[in-house]
There are 2 protein chains.
Amino acid sequence: MKTTEGDQKPVSGMAEPVEGERPTLKTIAFMAGLGVTTVSRALKDAPEIGQATKNRVQLIAKQIGYRPNRAGVRLRTGKTNVISLVLNAQSEIMGLTSNMVYGISEVLSETPYHLTVTPYSVKNDPMQPIRYIVETGSADGIIMSRTEPNDARVRYLTEHGIPFATHGRTEMGIEHPFHDFDNETFAYLSVKSLLARGRRRIAMLAGPSPSVTYYRHLHRGFSRAVEEGGASTVAVSDIDVDTSLGRMRNRMEEIMSASNGPDGIVCCSGSAAIALVAGIEAAGLKIGGDVDLVSKQSTDVLQWFRPQIIVFNEDVRHAGRELARAVLRRIAGVDARELQSLSYPDEHDLRS
Amino acid sequence: MKTTEGDQKPVSGMAEPVEGERPTLKTIAFMAGLGVTTVSRALKDAPEIGQATKNRVQLIAKQIGYRPNRAGVRLRTGKTNVISLVLNAQSEIMGLTSNMVYGISEVLSETPYHLTVTPYSVKNDPMQPIRYIVETGSADGIIMSRTEPNDARVRYLTEHGIPFATHGRTEMGIEHPFHDFDNETFAYLSVKSLLARGRRRIAMLAGPSPSVTYYRHLHRGFSRAVEEGGASTVAVSDIDVDTSLGRMRNRMEEIMSASNGPDGIVCCSGSAAIALVAGIEAAGLKIGGDVDLVSKQSTDVLQWFRPQIIVFNEDVRHAGRELARAVLRRIAGVDARELQSLSYPDEHDLRS
DNA sequence: TAGCCTACCTGTAACGTTTCAGATTTGGGA
DNA sequence: TCCCAAATCTGAAACGTTACAGGTAGGCTA
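Predicted model, so just to flag it, every value in this text is computed and none were measured.

Trainee: Quick question: what am I supposed to make of the overall build of chain A here?
Mentor: The helix and strand inventory of chain A stands at 12 helices and 12 strands. Taken over C-alpha atoms, the radius of gyration comes to 27 Å for chain A, far larger than the 20 Å a tight globule of 352 residues would show. Principal-axis analysis of the C-alpha atoms gives chain A an extent of 95 × 40 × 35 Å. A separation threshold of at least 6 residues defines the contact pool for chain A, and within that pool the share at least 24 residues apart is 67%. Carbon and sulfur atoms form 49% of the exposed surface of chain A, whose accessible area is close to 15,700 Å². A distance of 4 Å separates the average location of the 41 positive side-chain charges in chain A from that of its 41 negative side-chain charges.

Following this line, the structure appears as structure tokens:
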């Protein structure tokens, strides 16, 4: 039987859908004179539906602006079509998180996925939001940052088989999707850059140790370059990238005022760099003269800050895109090992 | 009949729920020997359920960690328990958006609401994400920024009866929830501050005109103060807060190099301020000497920028909290006029 | 011709919740 | 004693979707 477009026999027991309501499968089924099952299948290009029918159904769906009801799909299939970004709600001076959000959204906007954001307070247990998402099944995939070498969240999610991707790596023998900035190379190149400027006593402001993995990468690159250059190291104690900028400045002033302060400093955060500069200058030293500073920045702000320093850019928007793609492909069943990527430091000497 | 705790007669036709699955109303109903209807009502403290039953049901629910299935609720009631933050995906140098997200989340975290973020590209129609949300019914409430004097989104949402709150005000005779920074007072006080420092030729870098409402507020406060002080005005043409920092710097250099440049400048954005400073200094002028600069900042970054300038702080995290509270109360049926709030500028002379 | 396979389509059930329209019990008043 | 109202509780239906287990028609094989 060849059904033509106009052939819309009203199916028995099926009332005409109300005008003005949001169209559902039933609406299309009524208009096409088909069963809802057929419509459902036709819309997802199932092989058991005839090509003519598919075309007709898809045309109608398009014309009346049909959009599947998310609650219906979710209730039936358990699939939420949601990716959750879990983050630490540290107040930010620079727009790191927002740019990552934009990156993620860029990728998700071409899919049926929505992005929900689940910040947790710094003081709280990082596991709490993760457990919540898993227990309530409120997302199909999770993106998270502040990855630790032995990360309880990674273990938990892996055990529960929930797709996720981390910003940063772990060191626990579990293969999982991640995207990371190559902090080791960054630290290595930064030290090289300082050595090339004749600096011999090198210090570094890193991430909180041992909680965050990239701390180790930084130190690996740092040590290697210092060693290769035959330079020496000055420890920066008591402060890390999480310290308040005020305390950072004060501590830096102390360190630089000491008799054997560093003459070259590597800093792994743009906002920290501005506090270090303040501390250095408070100690009466001149950047570029007495001491050089190299910093990573995740936002183009240090360009505008003076004195200008040497920076390496990290593109967090790109990281967001990579992470989103990774979770999506993980959800699609791609092997975790194929979803691990690094991005590389990009040096800019801002000093004009 | 007084039902005791132990009295759990299995209801006919009701199979024991599978262990390990997420508990549902049925699970509780089975355990309590009640119907799902009763359980549903007991959990929401309906008046037609006996107190003893309520206590028992609520205890069981708590013990087994029952959480209502969002898809079930959503499908049945149409309520999504989602608030959507719609924003313009401009790359940000400073962490404005993330702090607003944290503020919103702070409030939502004590409610059943989730936060989804829907960025739209700067080039795209701002109506597009709004229409999408309304047509697919994907949120119970919307928070949006970049509010315009005659805002199509506000009109559309009002007509469709969708609760929302805007960051910024409109001027279209529609009462709706908003939170706004008092830009008029900010501009007024800024000019006053410049006048007090003996500045007489005042300029301002404002938001894009006429697209964004706060442009008008800024100008109102600006003009009033300039007039009161008998000072004169220097127009800053071609650039606004949306201009790229590079162009902003160059234009500023031109303006300051002209014979009749301003000697006092008001700037309504922290990130713009750093570009203005660069332009001013490129023109060979000294801030604090030849010219004074007053800026609003939404993130504590200008503290660390030198030369230090006079700033007024805007607390975006607080704005986020206010906006979230406003949408929630609007959803609860509170009158829009009771959900309009302003926050006031807070001056800090950073110059030590 | 019968039987079978393929291609296409169908209704029913189920996901978990709330609403609707009762059902049952209890206590009290007449 | 009977009846009514109030206080509690109940199953069935519905929201929109997909999975399951068929159903029908036509053509091909034997």
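Now, onward.
Trainee: Explain the environment of B:Met172 here, please?
Mentor: All names here are of chain B. In this structure, Met172 sits in the loop between strand S4 (164-167) and strand S5 (178-181). Exposure remark for Met172: the relative accessible area of 16% places this residue in the buried category. The sequence separation of Met172 and Glu106 amounts to 66 residues, and the corresponding C-alpha distance is 31 Å. Not counting the four nearest positions on each side in its chain, Met172 is found in contact with Pro149, Asn150, Asp151, Val154 and Arg155.

Trainee: Explain the protein's contact with DNA strand D here, please?
Mentor: Around DNA strand D, a shell composed of 26 residues is seen, among which A:Ser40, A:Tyr66, A:Arg76, B:Thr38 and B:Thr53 lie nearest. The sugar-phosphate share of atoms of DNA strand D within 4 Å of the protein amounts to 59%. One nitrogen or oxygen atom from the main chain of A:Asn69 is found 3.0 Å from a phosphate oxygen belonging to DNA strand D. In terms of residues, the surface near DNA strand D owes the most to one element, helix H4 (residues 70-77) of chain A, which gives four residues. Considering only residue class, the surface near DNA strand D consists of eight nonpolar, 12 polar and six charged.

Trainee: Teacher, can you tell me more about the interface of chain B and chain A here?
Mentor: In many analyses, interface size is given as the accessible surface area lost on bringing the parts together. Contacts between the two partners involve 49 residues from chain B, matched on the other side by 49 residues from chain A. Overall, the association of chain B and chain A removes approximately 3,900 Å² of surface from exposure, summing both partners, and the carbon and sulfur fraction of that is 58%. At the junction of chain B with chain A, the criterion picks out two salt bridges. B:Arg67 is the partner of A:Glu135 in a salt bridge, and the nearest nitrogen-oxygen pair spans 3.7 Å. Across the chain B-chain A interface, the total number found is 11 residue pairs in polar contact (both at pLDDT 80 or more). For the side of chain B that touches chain A, the secondary-structure elements that each account for two or more residues are helix H4 (70-77), strand S1 (82-88), helix H5 (96-108), strand S2 (114-120), helix H6 (127-136), helix H10 (245-257) and helix H11 (270-282) of chain B. Per-element accounting of the side of chain B that touches chain A gives the leading share, six residues, to H5(B).

Trainee: Explain the side chain of B:Asp140 here, please?
Mentor: Residues and elements named next belong to chain B. The residue Asp140 is located in the loop between H6 and strand S3 (141-144) in this model. Residue classification places Asp140 among the buried residues on the basis of a relative accessible area of 11%. Among the polar contacts listed, one links the side chain of Asp140 to the side chain of Thr80, at a separation of 2.8 Å. Separated by 2.6 Å, the side chain of Asp140 and the backbone nitrogen of Asn81 make a polar contact. Leaving out residues up to four positions away in the same chain, Asp140 has contacts with Gly78, Lys79, Thr80, Asn81, Val82, Tyr113, Pro163 and Ile331.

Trainee: Looking at this structure, I do not really get the packing of helix H5 (residues 96-108) of chain A against H5(B). What am I missing?
Mentor: Look at H5(A) against H5(B): their axes get within 6 Å of each other, and the N-to-C directions meet at 90°. Between H5(A) and H5(B), the angle is such that the two are roughly perpendicular. Residues A:Thr97, A:Ser98 and A:Tyr102 of H5(A) form the contact with H5(B), whose participating residues are B:Thr97, B:Ser98 and B:Tyr102. Per-class residue counts for the contact of H5(A) with H5(B) are two nonpolar, four polar and no charged.

Trainee: Which parts of the structure should I look at to understand the relation of the copies chain B and chain A?
Mentor: For the pair of chain copies, the relating transformation is a rotation about an axis with a translation along it. Taken as rigid bodies, chain B and chain A are interconverted by a rotation of 180° and an axial shift of 0.0 Å, the fit giving an RMSD of 0.0 Å. When the rotation and shift are considered jointly, the pair of chain copies conforms to a two-fold rotation axis. An overlap of 100% is found between the interface residues of chain B and their copies at the interface of chain A, pointing to a shared contact surface.

Trainee: Can you walk me through the nonpolar core in this structure?
Mentor: Core analysis: the largest hydrophobic core is formed by 101 residues, its most contacted members being A:Ile202, A:Ile265, B:Ile202 and B:Ile265. The contact partners of B:Ile202, leaving out residues within four places of it in the chain, are B:Val191, B:Leu194, B:Leu195, B:Phe222, B:Val226, B:Ala231, B:Ser232, B:Thr233, B:Val234, B:Asp263, B:Gly264 and B:Val266. Among the nonpolar cores identified, the runner-up in size contains 48 residues, and A:Met100, A:Ala326, B:Met100 and B:Val334 belong to it.

Trainee: Whenever I open this one, the pairing of strand S6 (residues 201-205) of chain A confuses me. Can you help?
Mentor: One face of the sheet, then the other: side chains in a regular strand alternate in exactly this way. Residue and element names in this part refer to chain A. Across the five residues that make up S6, a large majority, four, are buried. Each parallel crossover has a hand, and the one from S6 via helix H9 (residues 214-229) to strand S7 (residues 232-234) is right-handed. Summarising the sheet, S6 and strand S8 (residues 264-267) pair through four bridges and their orientation is parallel. Residue pairing for S8: Ile202 is matched across the bridge by Gly264.

Trainee: Any chance you could explain the environment of A:Gly279 here in plain terms?
Mentor: All names here are of chain A. Turning to its location among the elements, Gly279 is positioned in helix H11 (residues 270-282). Along the backbone, Gly279 and Ser257 are 22 residues apart, and their C-alpha atoms lie at a distance of 9.5 Å. In this structure Gly279 touches Arg249, Met252 and Glu253, once residues within four positions along its chain are discounted.

Rules used throughout
- Residues numbered from 1 in each chain as written.
- Chains lettered and ligands numbered in written order.
- Predicted model: local features only at pLDDT ≥ 70, side-chain atom pairs only at ≥ 80, totals over all residues.
- Heavy atoms only, no water.
- Helix = DSSP H or I, 4+ residues; strand = E, 2+ residues; numbered from the N terminus.
- Rg over C-alpha atoms; globule rule 2.2 N^0.38 Å.
- Contact = heavy atoms within 4.5 Å.
- Areas by Shrake-Rupley, 256 points an atom, 1.4 Å probe, with all protein chains shown as cover.
- Lys, Arg positive; Asp, Glu negative; His and termini not counted.
- Charge placed at Lys NZ, Arg CZ, Asp CG, Glu CD.
- Buried < 20%, exposed > 50% of the residue type's maximum accessible area, 1.4 Å probe, protein only.
- Near = heavy atom within 4 Å.
- Polar contact = N/O pair within 3.5 Å; in protein donor to acceptor, adjacent residues only side chain to side chain.
- Nonpolar A, V, L, I, M, F, W, Y, C, P; charged D, E, K, R; others polar.
- Buried area = accessible area lost by both parts, 1.4 Å probe.
- Salt bridge = Lys/Arg side-chain N within 4 Å of Asp/Glu carboxyl O.
- Axes fitted to C-alpha atoms, helices over the stretch in contact; angles between N-to-C directions.
- Parallel < 35°, antiparallel > 145°, perpendicular 65-115°, else oblique.
- Least-squares fit on C-alpha atoms with pLDDT ≥ 70 in both.
- Core = buried A, V, L, I, M, F, W, Y, C linked by side-chain atoms within 4.5 Å.
- Right-handed = clockwise from strand over helix to strand, strands pointing away.
- Pairing = 2+ DSSP bridges.

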